[in-house]
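What follows is each chain in one-letter form.
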Amino acid sequence: MNIVIIEDEAPALTRIQKLVREVDATINILATADSIESAVNLFNQYKNIELVLMDIELADGQSFEIFNRVEVLCPVIFTTAYDEFALKAFKVNSIDYLLKPIVIDDLRQAISKFNTFKNIQSFPNYQHQLESILSTFTTKQTSYKNRFLIKVGTKMVSIAVDQIAYFHASEKLVYLYTQQGQKHIVDYSLDELSQLLEPTLFFQLNRQFVANIMSIQSVHTYYNGKLKVALIPTFSEDVTVSRERAADFKSWLDS
């Protein structure tokens, strides 16, 4: 069986390759890709792919974009760390998923299922089911987070999104800052927050900040095409938007 693996994290890719070989040493890993762009090139290059192991979240976006750019005619096993709703959608539509961290028994079971359907014609309603799950996931993504449950000492406090000024990543931790200047640790990365928050209200300024539009006090031109942003409440260090993101940022402010 010829398979390809689409995964942007090197340790995860190494682990998947190892597990695949342990499950079946005869499986041929044709190629790997670590981005939407490289995956599209891969599908254009190889026409004998029988199965794909595909991570949902890639370095340049969600892997669902791949299906908008190239025809994928083979079954896909998604690898995901998404919530229970999304996982149920995969089950309902009869498309397998592997929940990270992947364990060998789950991979073995998934590959065994696809071995039962050696060609796309015998895989029941595959294209229809794939379209259905992509639609389901897209619909899910339009529902954004309204509150964050925060631990304060021995208490749990729920903070509404409209009370949040910005999120700041520092030394492998992410902090939530309220409009009143309170600071709390949250168990999300900035990339995850960018997916969970309403995009008309929040924007990822750089690798350290995701800001609420109401927290933007002023914007100034900066060197090398960057923008300097003054936040409310005030942050002790300079907050900038890169030249590459400056145009999107200004469009967001003007939307």
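As a reminder, the structure under discussion sits directly above these lines.
Residues numbered from 1 in each chain as written. Predicted model: local features only at pLDDT ≥ 70, side-chain atom pairs only at ≥ 80, totals over all residues. Heavy atoms only, no water.

Asks: Please explain the overall build of the protein chain as it appears in this structure.
Replies: Of the regular secondary structure elements, the protein chain holds eight helices and 17 strands. For the protein chain, buried positions account for 44% of its 255 residues. In the protein chain, 51% of the contacts between residues at least 6 apart in sequence involve partners at least 24 apart. For the protein chain, the accessible area works out to roughly 14200 Å², and carbon and sulfur atoms hold 49% of it. (Helix = DSSP H or I, 4+ residues; strand = E, 2+ residues; numbered from the N terminus. Buried < 20%, exposed > 50% of the residue type's maximum accessible area, 1.4 Å probe, protein only. Contact = heavy atoms within 4.5 Å. Areas by Shrake-Rupley, 256 points an atom, 1.4 Å probe, with all protein chains shown as cover.)

Asks: Whenever I open this one, the environment of L98 confuses me. Can you help?
Replies: Checked against the element boundaries, L98 lands in strand β7 (residues 97–99). Once residues lying within four places of it in the same chain are set aside, the contact partners of L98 are I77, F78, T79, T80, D106, L107 and A110.

Asks: Teacher, can you tell me more about helix α8 (residues 243–253) here?
Replies: Counting along an α-helix, one turn takes 3.6 residues, and residues three or four places apart therefore face a common direction. Buried residues of α8: A246, F249 and W252, and no others. In a view along the axis of α8, the buried residues occupy a sector of 130°, so they form one face of it. Away from the buried face of α8 by more than 90 degrees, exposed residues E244 and K250 are located. (Arc of directions from axis to C-beta.)

Asks: What am I meant to see in the pattern of salt bridges here?
Replies: Opposite charge on two side chains allows them to pair when their charged atoms are near. Under the definition given, this model contains four salt bridges. K18 is paired through a salt bridge with E22; the nearest N and O atoms lie 2.5 Å apart. Highlighted residues: K18 and E22, both in helix α1 (residues 10–23), separated by four residues, approximately one helical turn. (Salt bridge = Lys/Arg side-chain N within 4 Å of Asp/Glu carboxyl O.)

Asks: So what exactly am I meant to see when it comes to the side chain of S35 here?
Replies: Looking at the secondary structure, you find S35 in the loop between β2 (28–33) and α2 (36–45). On the accessibility criterion, S35 (14% relative accessible area) is buried. A polar atom in the side chain of S35 sits 2.9 Å from the side chain of S38. Beyond its immediate stretch of four places on either side in the chain, S35 contacts L58 and D60. (Polar contact = N/O pair within 3.5 Å; in protein donor to acceptor, adjacent residues only side chain to side chain.)

Asks: Looking at this structure, how should I read the side chain of T178?
Replies: Along the chain, the position of T178 falls in strand β11 (residues 173–178). By relative accessible area, T178 is classed as buried at 2%. Non-local contacts of T178, meaning those with residues more than four positions away in its chain, are made with I159, Q163, I164, A165, H184 and P233.

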